[in-house]
Amino acid sequence: MPDQDHKCTCSEQPLVPTIVEVIDIIDRTPDVKSFFVRNVDGNGVPFQVAPGQCGMVSHLPIGEAMISCTWQEEQEYLEFAIKRVGLLTDELHQIEVGQKIGVRGPYGNGFPVDACKGRDMVFIAGGIGLAPLRSFIKYCFKNRADYGKITILYGSRSKADLCFKEELFELWPQETNTEVFVTIDNAQADWDGHVGFVPSYMEEVNPSSQGAIAVVCGPPIMIKFVLQSLEKMGYNDDQVITTLEMRMKCGIGKCGRCNIGSEFICLDGPVYYLKQLRDLPPEW
Amino acid sequence: MKEITNKVQAIAAKLFEEGKIDVFLAWEKGELNFKTKSYVARNALDVKNIVFDEYSIYNVSNSLLKFRDSHERIGIAVKGCDSRGIVRLLEDLQIKRDRLYIVGIPCPGMKDPLAAARNHGGFSKKQEEDGLAKKCLDCIQPNPVIYDELVGPEQSPRQQGDRFARVKEIEQMSADERYKFWEDTFSTCIRCYACRQVCVACDCRTCIFDEMKPQWVGRENSSTDNMMYHLVKHSHMAGRCIECGECERVCPVNIPLMLLNRKLIKDVGTLFGGPEAGMQYVEGSKPPLSVYRENDPDSFL
Amino acid sequence: MKVLSKAKLEAALNKLSDRNEVFVPMQKGQQSGYFTWKSFENGQDELMLDALNVYQSPKNAVLPQTEKMYSIKSQGVEVNIDQTYEDAHPTIIFGARGCDVKGIIAMDDVFLTRGYEDSFYKARRSGNTIIANACYEPGANCFCNAMEVNSLEPVGADVILRDAGDGYVWEVKSDKGEAVTALIADLLEEKEAKLPEVKPFIQKVDYSGVAEKLKSMFDHPLWDKLSQPCINCGMCTYVCPSCYCFDIQVKMWGEEGYRFRAWDSCMFEEYSREAGGGNPRGASKERFRQRFLHKLEFFKERYGTPLCTGCGRCIIVCPTDINIVRIIDAVKEAEINA
């Protein structure tokens, strides 16, 4: 709920971006790229992020958009995985390494990583929705002893649309007490894995709700059905966490766009327990 | 007008009772005498709220836009100008003729509830005149051009003198004077888009001004962006404006929007001839600037 | 008490304008709003201090409809922000009614609290002094008393004027008020003045319990009926003294340009449309509901006060007669079936 004592860690000019340099760009899928940035003097980053926090990425002559920022243990650069969906992201996908862009942040509350300690974690993601969860997942593996069993369930439209394939298929499955399940919407020739939508696959996998926390992110329609399935599987509203997306302009709870009820998603969110969302108007 | 109200109510009640319509669009009374506004009656019981009085100025055809994606059968009461709006929507295929039952009302001219509201509100030291609204004094078509049933006696056009007199004055200005005139005129615009929203001819599903990819017109309140907004909007009205005058009536900063519309009406008339927008409905007909032909002498398309 | 005689009003405005940009309510051609005293043209413009109010609120002085934020220079891979445009030049809003003062105080809550201070707003506000004009005779659409505004003692004003016939009683309320008073000290007289009689409100509005009741009325059928006439123009939001939502956009001419913000309106479909095309408030009704819930419920929940100040402007200008007072009534009367 509205946090009046939120400590400001931002600059004196929260709406003015810091210029950074794009030092690497990786194609994740045909329409998702990761952009790695760091300060123009080559040292460090303008701000540190906690898992689940966001940054406003600014291609200055074009516009700005709020993008989930990947948490790293050694924060020598910031990573933004960006899907091409609109005017700004189209333009961002055209830039090359060496381009200077603007960033401001960090914004939002981030995942309750401490409150989840000692729990079994179930991460459920669809499409680009894996980007924010990936921060939390990485954090769990970095602090492996603090968390119980980890189940990762991820789906996308096709094999090509699966983000972060190296982590999904190589790194994460090797972690102790961890299971990774991947599905795609429709069968295709070079795919021998699971085919089907995330909610039904989740019911098949059926990760126990006993002492577990489910963290969900994906397209709205997926979230809707995953939440219904989780309820069926015995998850209470205080065992389910999701991260919301709304149109944002300022990122600091002023411009008014991203409100749901009296909450500003950019400032009070984007991470919510389902229990909290149930108290809000059903616009999420 | 009481008599017309009674007749319209009776027609609407009958249509509901016979199951011929699902809604009836007209006007209702607000809490004060001058507050007549658009109304959607949904059943025979609602019909008693329908009113036609000296303040029924709102162009009800605009309300049809909220029904263009539904399947409800619609009864609608229209004045002359409102009926031209219906023709526009039919021509643009926004609504089907067989969904409509049109009750035409020859219009004796209306007063402006907004002017009355301003007088009542007490923000101004001067009272505005209580006579017919400006748009009604300029009216060339008080009688509905399309209807299934007509209620009340025919009325005569109220427009006097040369309808394009002011347009011709502006045309006489030098290019610089004219630019200055429009720049000053548009400088007061607050970009509330009321002129667009109230316009029945503005029936695009996604307006160019809401288009963000690419963004055609900036959001700055500057002479460039303001002028871009008005000139683009009004160019789109060429051959489409039905001269209902609602845009100018609702403008909160009194921009003389009909001056631009009349200029375009005059030019389209000169260039293409034919009936003015919304003056007659012929199924399949299109206004001049909505037609594309491969053998068009101009190549810009 | 200190009194500014009306005969010396223009002299005072001239003097204040030496070092300040002074925004005064006036009728300027076809426009009615707050304009700078320096732009006042004798014989053409009309000073509106003795009118009930003007159509455009004074919020423009602290949140301009368009406000430049910072410069952008973009050449190849290089991009620079050479300049930011925080503007703290001294301004005075002269003669604001209590409702309009409350609008600015509400915006102070938005822009200066809850974690972040907006540097652009903060700069403008730091240079801004409010001289309020106490209101003794409410108009036909006034209901500020129901919206936690005291029109006789506007909270947040630096000076309060009271129209006593021949002159204005000049009541200093803050250090900023002292500072502007010092500028015109020689024009003020020390004398007794008879204050006008306080007239009753014509509108009877009962807002008590409305915010709480609305909490369970998000899906109430009344929104269908109330929103039906609304055409979703932004007039109500732009004349409103407290609507503050803004958009951030960019303007470039080749390699140079700037980022600016501009008033936006929750009434517009584009306002909440997401990059991917989805829109949580795509329908007319949803945007209508958002506006009134924000005014009457959400803002109260977040900041402890409603975001409507009872000025009545939207009631006068709405082309389809949407009336926030009737909406409050409708909410009060609505039955809630659980």
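None of the values given here were measured: they were computed from a predicted structure.

Cut-offs applied
- Residues numbered from 1 in each chain as written.
- Chains lettered and ligands numbered in written order.
- Predicted model: local features only at pLDDT ≥ 70, side-chain atom pairs only at ≥ 80, totals over all residues.
- Heavy atoms only, no water.
- Helix = DSSP H or I, 4+ residues; strand = E, 2+ residues; numbered from the N terminus.
- Rg over C-alpha atoms; globule rule 2.2 N^0.38 Å.
- Buried < 20%, exposed > 50% of the residue type's maximum accessible area, 1.4 Å probe, protein only.
- Contact = heavy atoms within 4.5 Å.
- Areas by Shrake-Rupley, 256 points an atom, 1.4 Å probe, with all protein chains shown as cover.
- Pairing = 2+ DSSP bridges.
- Salt bridge = Lys/Arg side-chain N within 4 Å of Asp/Glu carboxyl O.
- Polar contact = N/O pair within 3.5 Å; in protein donor to acceptor, adjacent residues only side chain to side chain.
- Axes fitted to C-alpha atoms, helices over the stretch in contact; angles between N-to-C directions.
- Domains from an automatic or database assignment.
- Buried area = accessible area lost by both parts, 1.4 Å probe.
- Nonpolar A, V, L, I, M, F, W, Y, C, P; charged D, E, K, R; others polar.

### So, the overall build of chain B
Of regular secondary structure, chain B possesses ten helices and five strands. Its C-alpha radius of gyration of 20 Å places chain B within 12% of the 19 Å reference for a compact globule of 301 residues. For chain B, the spread of C-alpha atoms along the principal axes amounts to about 60 × 55 × 40 Å. Of all 301 residues assigned to chain B, the portion counted as buried reaches 56%. Pairs at least 24 apart in sequence give 70% of the contacts found in chain B among residues at least 6 apart. Surface summary for chain B: the accessible area is close to 13800 Å², and the carbon and sulfur share equals 52%.

### Here's the deal with the sheet that holds strand β1 (residues 23–29) of chain B
Residues and elements named next belong to chain B. As summarised here, the arrangement of the five strands in space is β2-β1-β3-β4-β5, forming an open sheet in which the pairing is mixed. Edge positions in the open sheet fall to β2 (36–41) and β5 (149–150), since each of these has one partner strand only. Note that β1 and strand β3 (residues 74–78) share three bridges and pair parallel. Across the sheet, the residue bridging to Val23 is Ile74, located in β3.

### Re the pattern of salt bridges
Scanning all chains against the criterion turns up 87 salt bridges over all chains. For the salt bridge of B:Glu248 with B:Lys134, the shortest nitrogen-to-oxygen distance reads 2.9 Å. Here the residue B:Glu248 occupies a position in helix α9 (residues 246–250), and B:Lys134 occupies one in helix α4 (residues 134–137), the gap between them amounting to 114 residues. The network of salt bridges with common partners includes A:Arg247, A:Lys249, A:Arg257, B:Arg219, C:Asp247, C:Asp264 and C:Glu270.

### Digging into unusual backbone geometry
For the bond from A:Gly105 to A:Pro106, the omega torsion is 0 degrees, close enough to zero to count as cis. As for its position among the elements, A:Pro106 is in strand β6 (residues 100–107). A positive phi angle, close to 60 degrees, is found at B:Arg191, a residue other than glycine. On the secondary structure map, B:Arg191 appears in the loop between α6 (175–187) and α7 (194–197).

### Re the side chain of B:Glu246
Residues and elements named next belong to chain B. Take Glu246: it is sitting in helix α9. For Glu246, a relative accessible area of 1% corresponds to the buried category. Here Lys135 takes part through its side chain, which lies 2.7 Å from a polar atom of the side chain of Glu246. Residue contacts for Glu246: discarding those within four places in its chain leaves Ile57, Tyr58, Asn59, Lys135 and Val198.

### Here's the deal with the sheet that holds strand β12 (residues 246–253) of chain C
Residue and element names in this part refer to chain C. Ordered in space as β6-β5-β13-β12, the four strands form an open sheet in which the pairing is antiparallel. Unpaired on one side and paired on the other, β6 (78–80) and β12 mark the two borders of the sheet. For this sheet, the mean angle separating the axes of adjacent strands, direction not counted, is 25 degrees. Note: strand β5 (residues 66–75) against β6, three bridges, orientation antiparallel. In the strand pairing of β6, Lys73 is matched with Asn80.

### Some details on the domain arrangement of chain B
All names here are of chain B. Split by domain assignment, chain B resolves into domain 1 (2–150) and domain 2 (165–286). Computed from C-alpha atoms alone, the centre-to-centre distance between domain 1 and domain 2 is 23 Å. Broken down residue by residue, the surface that domain 1 buries against domain 2 is led by Arg84, Arg88 and Glu91, which jointly contribute 26%. Linking domain 1 with domain 2 are five salt bridges, by the criterion used here. For Lys135, the salt bridge goes to Glu246, with nearest N and O atoms at 2.7 Å. The tally of links between domain 1 and domain 2 comes to twelve residue pairs in polar contact (both at pLDDT 80 or more). The set of elements that each furnish at least two residues to the side of domain 1 that touches domain 2 consists of α2 (80–91), α3 (113–121) and α4. When residues of the side of domain 1 that touches domain 2 are assigned to their parent elements, the largest contribution, eight residues, is made by α2. Taken together, the residues of the side of domain 1 that touches domain 2 break down into 13 nonpolar, six polar and ten charged.

### Considering the environment of A:Met121
Residues and elements named next belong to chain A. Considering the arrangement of structural elements, one finds Met121 in strand β7 (residues 120–126). A sequence separation of 16 residues divides Met121 from Ile137, and the C-alpha atoms of the two residues are 9.0 Å apart. Apart from residues lying up to four places away in sequence, Met121 is in contact with Cys116, Phe136, Cys140, Tyr147, Lys149, Ile150, Thr151, Ile213 and Val215.

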